[in-house]
Amino acid sequence: RVIGEGKSRRYEVQDPFPDEGSVNPLFKSSASQMVPIPPEGTALEDYEVGKRVLALYPDTTTFYRAEVKSMLDGGARVQLLFEDEAAGALKIVERRFVLDHKG
């Protein structure tokens, strides 16, 4: 839901798949705090190995910090090591769900 207009515009965001037992709270955010997810079919550049990114953790609705380990399937998927993941436990994520991370 969009609240307000212009510079005071805020967004109410609700996780469509909340954790079990969660009350499913609403989160309020400004546009500067949000990162758009590219639509399916968007041509995206490959990441360099070692790049720090935000990526959708498999089988969840949450993005976490990760490090790019390799690009797969001609850049369609990315092999990642998520922060705090057991050493060597690499995950594969669709490229459009791997986003630049500036923090």
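Heads up: these notes are all about the structure in this document. Bear in mind that the values here come from a model prediction, so they are computed numbers and not experimental data.

For the rest of this paragraph, the subject is the side chain of serine 70. Note on placement: serine 70 falls in strand E5 (residues 63-72). Using a relative accessible area of 17% as the deciding quantity, one classes serine 70 as buried. Dropping the residues within four chain positions of it, serine 70 is found in contact with Val49, Val78 and Gln79.

Once that is clear, we can look at the pairing of E5. Note: strand E4 (residues 52-56) against E5, five bridges, orientation antiparallel. Residue pairing across strands places valine 53 opposite alanine 66, the latter belonging to E5. Following E4, the chain reverses through six residues before pairing antiparallel with E5; aspartate 59 in that reversal takes a positive phi of roughly 65 degrees. Sheet topology note: the E5/strand E6 (residues 77-82) ladder contains six bridges and is antiparallel. Counted as the bridge partner of methionine 71 is valine 78 from E6. Following E5, the chain reverses through four residues before pairing antiparallel with E6; aspartate 73 in that reversal takes a positive phi of roughly 50 degrees.

On to the sheet that holds E5. The five strands are arranged E7-E6-E5-E4-E8 in an open sheet whose pairing can be described as antiparallel. The open sheet has two edge strands with one neighbour each: strand E7 (91-94) and strand E8 (98-100). Looking at each pair of strands side by side, their axes are set apart by 50 degrees on average, direction ignored. One ladder, built from three bridges, connects E4 with E8; its direction is antiparallel. Pairing of alanine 55 across the sheet is with valine 98, part of E8.

Moving on, we come to the nonpolar core. Grouped together as the largest cluster of nonpolar side chains are 12 residues: Tyr47, Val53, Ala55, Leu56, Ala66, Val68, Val78, Leu80, Phe82, Val93, Phe97 and Val98. At the level of secondary structure, the elements contributing two or more residues to this core comprise E4, E5 and E6. Dropping the residues within four chain positions of it, phenylalanine 82 is found in contact with Ala55, Leu56, Tyr57, Pro58, Tyr64, Arg65, Ala66, Lys91 and Val93.

All told, the structure shown has seven salt bridges when counted by the stated rule. Here lysine 69 ties to glutamate 67 by a salt bridge, and the two come within 3.2 Å at their closest N and O atoms. Among the ionic pairs, aspartate 73 bridges to arginine 77, the shortest N-O distance being 2.4 Å. Assessed through its relative accessible area of 35%, arginine 77 is described here as partly exposed. Because the salt bridges share partners, they merge into one network encompassing Arg52, Arg65 and Glu83.

What counts as what
- Within each chain, residues carry numbers counting from 1 in the order of the written sequence.
- The predicted nature of this model means local features are confined to residues of pLDDT at least 70 and side-chain atom pairs, given and counted, to a pLDDT of 80 or more, with totals for whole chains, interfaces and linings taken over all residues.
- Heavy atoms throughout the structure, all of them, feed into the side-chain values; hydrogens and water do not.
- Strands are runs of DSSP state E lasting at least two residues, helices are runs of H or I lasting at least four, and both sets are numbered from the N terminus onward.
- Each residue is assigned to one of three classes by its accessible area relative to the maximum for its type, calculated with a 1.4 Å probe on protein chains only: buried under 20%, partly exposed between the two thresholds, exposed over 50%.
- In what follows, a contact means two residues having at least one pair of non-hydrogen atoms within 4.5 Å.
- For two strands to be treated as a pair, DSSP must find no fewer than two bridges joining them.
- What counts as an axis is a line fitted to C-alpha atoms, over the stretch in contact for a helix, and the angles between N-to-C directions run from 0 to 180 degrees.
- Throughout this description, the term nonpolar core refers to a set of buried Ala, Val, Leu, Ile, Met, Phe, Trp, Tyr and Cys residues connected via side-chain atoms within 4.5 Å.
- Each reported salt bridge corresponds to a side-chain nitrogen of Lys or Arg within 4 Å of a carboxyl oxygen of Asp or Glu.

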